[in-house]
Amino acid sequence: MTLDQLEEAAGVATTATGGRIPVSDALKMAEKTRPWLAIFDHAGRPLHLGRTSRLASGEQRLILIPFDRGCTKPRCDKPPSLCAVHHVKDWVEGGETDIDGETFACDGCHALITKTETGWQTIKADDDHEFPGRTLWIPPKHIDPEQKPRINHCHHPEELLDRAIEAANGREPPDDDAA
Ligand SMILES: [Zn+2]
């Protein structure tokens, strides 16, 4: 839920299993739990939470829930509860267990990331990108000869709404995820 929804105790919240419940019900469920505060920057990126251990900690997984909101492969709608934490830069190549290099991928999508001609690759969008910090999936050549990086908007419907509004206002939205 957003801060506005929390303050007004109204609206719809999304759970880690992808369910949608009224904010009033979410607050009731939260009464007996220990709350966590996640803080994000202006671009919606979680603030740095570095670790040097191999496995993602529970905290890192928690902060990916409101940021990635589910599997990051384009067009995949799997919720956080069905996702593993994927290291965008491979651990054996020196990838650190740091929130900047981690993302959610469900088992089916995770298996598609391989260093072969038919495998997908993942990178993080840089600061100049429209969605900095988000995970970009690079398709293999047989799917897209230009290998244009793609982003998943399934769990971020407000981004599509923003684009629709821009398009309606006559401005061309950036084409970063053509199918
Ligand atoms: Zn997936």
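Parameters at a glance
Residues numbered from 1 in each chain as written. Predicted model: local features only at pLDDT ≥ 70, side-chain atom pairs only at ≥ 80, totals over all residues. Heavy atoms only, no water. Donors = N, O, S within 2.8 Å, 3.2 Å for Na, K, Ca; no water. Tetrahedral: all angles 85-135°; square planar, octahedral: opposite > 155°, others 65-115°. Buried < 20%, exposed > 50% of the residue type's maximum accessible area, 1.4 Å probe, protein only. Helix = DSSP H or I, 4+ residues; strand = E, 2+ residues; numbered from the N terminus.

**Student:** Outline the coordination of the zinc ion, supporting the account with residue identities and numerical values.
**Tutor:** Of the protein atoms, only Cys71 (SG), Cys76 (SG), Cys106 (SG) and Cys109 (SG) coordinate the zinc ion, at distances of 2.3 Å. Considering all 4 donor atoms around the zinc ion, angles at the metal cover 100 to 119° and the coordination shape is tetrahedral. The motif formed by the donor residues of the zinc ion, counted along the single chain, is C-x4-C-x29-C-x2-C. For the pair shown, Cys71 and Cys76 are each scored as buried.

**Student:** An account of the environment of Ser24 is requested, with residue identities and associated values reported.
**Tutor:** Note that Ser24 resides in helix 2 (residues 23–30). Each C-alpha atom, one on Ser24 and one on Leu6, is 8.8 Å from the other, the two residues being 18 residues apart in sequence.

**Student:** How would you summarise unusual backbone geometry if you had to cite specific residues and measurements?
**Tutor:** Negative phi values dominate among residues other than glycine, just as trans dominates among peptide bonds. A positive phi angle, near 50°, is found at Ala9, a position not held by glycine. Here Ala9 is to be found in the loop between helix 1 (3–8) and strand 1 (12–14). Exposure remark for Ala9: the relative accessible area of 38% places this residue in the partly exposed category. Of note, Arg75 is a non-glycine position whose phi angle comes to about 75°, a positive value. By secondary structure assignment, the location of Arg75 is in the loop between helix 3 (58–68) and strand 3 (83–87). Residue classification places Arg75 among the exposed residues on the basis of a relative accessible area of 64%.

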